Amino acid sequence: MNRVQLLGRVGQDPIMRQVDGKNPVTIFSLATNEMWRTGENEVAQTGDISQKTTWHRISVFRPGLRDVTYQYVKKG
C-alpha cells in the first residue's frame, strides 16, 4: 500500500462523477506550498524567501470516504 499525507488548501469544491456502469468517484484539487530561503548565508536567515505552489488532483474511490469527502470538504 502506498500512503501519502498532504497538507494544503482545497482549490475547488469536490465533485462526484460516475462513468457508465462504474462506481462514482469524488474529485477535488489541493494546493501545497514549499518555501525556502535563498542567499549566501542561509544559517543566519538572511536572503530572499522563495515559494513554490504545487497543485494535486485528488480522486477518492472508497465508498464511505468518498461520500464524507463530498459532503464535508469545501474550498478554502
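Residues numbered from 1 in each chain as written. Predicted model: local features only at pLDDT ≥ 70, side-chain atom pairs only at ≥ 80, totals over all residues. Heavy atoms only, no water.

Going by an unreviewed UniProt entry, the protein carries the name Single stranded DNA binding protein 1 and comes from Chrysolophus pictus. Within the UniProt record for the protein, the comment given under Subcellular location (unreviewed entry) is "Mitochondrion matrix, Mitochondrion nucleoid". (UniProt positions renumbered as here; feature names shortened; annotations may be inferred.)

Caption draft 1: Structural view of the side chain of T26. Along the chain, the position of T26 falls in strand β3 (residues 25-38). A polar atom in the side chain of T26 sits 3.2 Å from the backbone oxygen of R66. (Helix = DSSP H or I, 4+ residues; strand = E, 2+ residues; numbered from the N terminus. Polar contact = N/O pair within 3.5 Å; in protein donor to acceptor, adjacent residues only side chain to side chain.)

Caption draft 2: Representation of the pairing of β3 in the model. One ladder, built from two bridges, connects strand β1 (residues 9-10) with β3; its direction is antiparallel. Residue pairing in the sheet places R9 in a bridge with A31 of β3. With three bridges joining them, strand β2 (residues 15-17) and β3 adopt antiparallel strand pairing. In the strand pairing of β3, I15 is matched with I27. Direction of pairing for β3 relative to strand β4 (residues 48-60): antiparallel, over a ladder of 13 bridges. Within the sheet, the bridge partner assigned to W36 lies in β4 and is S50. (Pairing = 2+ DSSP bridges.)

Caption draft 3: Quick peek at the pattern of salt bridges. Applying the stated criterion across every chain, the model contains one salt bridge. Residue D67 pairs with R66 through a salt bridge whose shortest N-O separation is 3.6 Å. Looking at R66, the relative accessible area reads 9%, which means it is buried. (Salt bridge = Lys/Arg side-chain N within 4 Å of Asp/Glu carboxyl O. Buried < 20%, exposed > 50% of the residue type's maximum accessible area, 1.4 Å probe, protein only.)

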